[in-house]
Amino acid sequence: MSSNFPLSHDELVKLTEKYPTPVYLYDEQAIRENIRYFKKAFSIFPKFREFFAVKACPNPYILKVLADEGCGADCSSLPELMLSKLAGIAGEMVMFTSNETPAEEYQYAAREGNIINLDDVTHIDFLKKALGKLPETICFRYNPGPLKKGGNAIIGKPEEAKYGCTHDQLIEAYARCKAEGVKHFGLHTMVASNELNPDFFVDTARLVFDLVLEVQEKCGVNIEFVDLGGGVGIPYREDQKKVDLDYVAQKIRALYDEKIVPAGLDPLLISFECGRPITGPYGWLITKAIHEKHIYREYIGTDSCMADLMRPGMYGAYHELTVSGKENAPRDHVYDVVGSLCENCDKFAVQRPLPKIDIGDLLIIHDAGAHGRAMGFNYNGKLRAGELLLRPDNSVVQIRRRETIDDLFATLDLNGVESFK
Ligand SMILES: *Cc1c(COP(=O)(O)O)cnc(C)c1O
């Protein structure tokens, strides 16, 4: 996706004079248009909600933009719940899909009226103990195991994944919660990550709808909302295709008419908790070429590293990379574009045909708007990049400053040792 970068070369040079590299940039207008497209595709359902997965881009400015477009938030921890609240996303607009959750986090979510999505049946007793009683609304995460064929590169096969409850456990769980006075029920599943096959999501919806009907029949429980999770991929490579959300929505709508409507469960709230396809293509990591070396391969050393963007090093993920001002130059050099970490996997691009890169060139790493800055870390004493937001009026605001050495040392307890003072 090299064509959607919103700034000209001159504008980018000017911007990096004010905000030095490495730095993230997000395009608010593009994010707004994108979420409108997403919501429009699913507007063929009587009730639809996108809970934006906060972990993908945990910045309250971005969350505020999405809240303004009618999104909720999907959270996996107390700080994410707090960030959502800060951005004005409240109550049932927040889905708390967490793992191995401490009691205090359930207590906070319950106080805020957020939807609690339980990852396991044993969490019913845990929640009861934490809250004193069960909340009025409960959602369960379903792991279809071998029922969901194929699996997916990042999450793997459902039967090997740590998430969710089995089919039989769920039947028991809904019956029990109903007997204990829970009034409203949801069903959640997420069995893919960065999946580009639209039929994958249709198949998942079929599995989930069938279970909704079975729960109705066996437990006398009418599930009121289903959450089909995240996992909608984006075309990181130029030869990949965007997931056609109109197609996905229409196919799921046909299943809804076939299964949900005759069961008297209409209107059933359909929701997703996507992160990647919402902000991913509209965020970029800007870094600068500061070294070159010529050994067995040609290397370009940048002023960033995988502490700013972990995906290539961690998953071997591909991110399009362009050299600002050389967009139309022939790609007649082959480089490994690397970061400064003492790990050989710290490469933003491997054996990549690119235009000739000169020291000082600005490199734009594309599709970094989700699971980019968010996955950052401090190994090797690296300070994580800041974040900038390009507003619809073309002004730029800093929405997170770059980390400082003081930030890095803030957790060290130096006071006890005289020689450190
Ligand atoms: C990671 C995650 C998401 C978001 O996934 P994306 O690939 O960013 O859309 C949603 N829900 C859960 C439970 C997740 O773990």
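In case you missed it, the structure is sitting above this.
These numbers were taken from a predicted model, which means no experiment stands behind them.

Draft legend 1. A look at the nonpolar core. Membership of the largest hydrophobic core comes to 96 residues, with the highest contact counts inside it found for Phe42, Phe140, Tyr174, Leu187 and Ile223. For this core, the leading source of residues is helix α8 (residues 198-219), giving ten residues. Discounting residues that sit within four places of it in the chain, Phe42 has contacts with Phe48, Leu245, Val248, Ala249 and Phe272.

Draft legend 2. A look at the sheet that holds strand β7 (residues 184-189). The strand order around the closed barrel formed by eight strands is β2-β3-β4-β5-β6-β7-β8-β9, and the pairing between neighbours is parallel. Strand-to-strand twist in this sheet, taken as the mean axis angle between neighbours without regard to direction, amounts to 25°. Sheet topology places strand β5 (residues 115-118) next to strand β6 (residues 137-142); three bridges connect them, and they run parallel. Within the sheet, the bridge partner assigned to Ile116 lies in β6 and is Ile138. Lying on the sheet, helix α5 (residues 103-111) is in contact with β4 (94-97) and β5; it crosses β5 at an angle near 145°. Those strands touched by helix α7 (residues 167-179) are β6 and β7, and its axis lies near 175° from that of β6.

Draft legend 3. Looking closely at the packing of aromatic side chains. Tallying each qualifying case throughout the model produces 16 aromatic pairs. Ring geometry for Phe38 and Phe42: centres 5.6 Å apart, planes at 35°, overall tilted. Just as Phe38 is buried, Phe42 falls in that class too. Aromatic pair Tyr106 and Phe126: ring centres 6.1 Å apart, planes at 65°, arrangement edge-to-face. Of this pair, Tyr106 sits in helix α5 while Phe126 sits in helix α6 (residues 122-131), placing them 20 residues apart in sequence. Here Phe126 falls in the partly exposed class, since its relative accessible area comes to 36%. Put simply, the rings of Phe38, Phe42, Phe45, Phe48, Phe209, Tyr256 and Phe272 pair up and form one aromatic cluster.

Draft legend 4. Molecular detail of the pattern of salt bridges. Per the stated rule, a full pass over the model turns up 24 salt bridges. Residue Glu180 pairs with Arg176 through a salt bridge whose shortest N-O separation is 2.8 Å. A salt bridge links Asp336 to Arg297; its shortest N-O distance comes to 2.8 Å. Of the two residues, Asp336 sits in strand β13 (residues 333-338) while Arg297 sits in the loop between β10 (283-294) and β11 (298-302), which places them 39 residues apart along the sequence. With a relative accessible area of 33%, Arg297 lands in the partly exposed category.

Draft legend 5. Up close: unusual backbone geometry. Residue Pro22 is bonded to the preceding Thr21 through a cis peptide linkage, with omega at -5°. As for its placement among the helices and strands, Pro22 is situated in the loop between α1 (9-18) and β1 (23-27). The residue after Asp266, namely Pro267, is reached through a cis peptide bond having omega 5°.

Rules of the game
Residues numbered from 1 in each chain as written. Predicted model: local features only at pLDDT ≥ 70, side-chain atom pairs only at ≥ 80, totals over all residues. Heavy atoms only, no water. Core = buried A, V, L, I, M, F, W, Y, C linked by side-chain atoms within 4.5 Å. Buried < 20%, exposed > 50% of the residue type's maximum accessible area, 1.4 Å probe, protein only. Helix = DSSP H or I, 4+ residues; strand = E, 2+ residues; numbered from the N terminus. Contact = heavy atoms within 4.5 Å. Pairing = 2+ DSSP bridges. Axes fitted to C-alpha atoms, helices over the stretch in contact; angles between N-to-C directions. Phe/Tyr/Trp six-rings, centres within 6.5 Å; stacked < 30°, edge-to-face > 60°. Salt bridge = Lys/Arg side-chain N within 4 Å of Asp/Glu carboxyl O.

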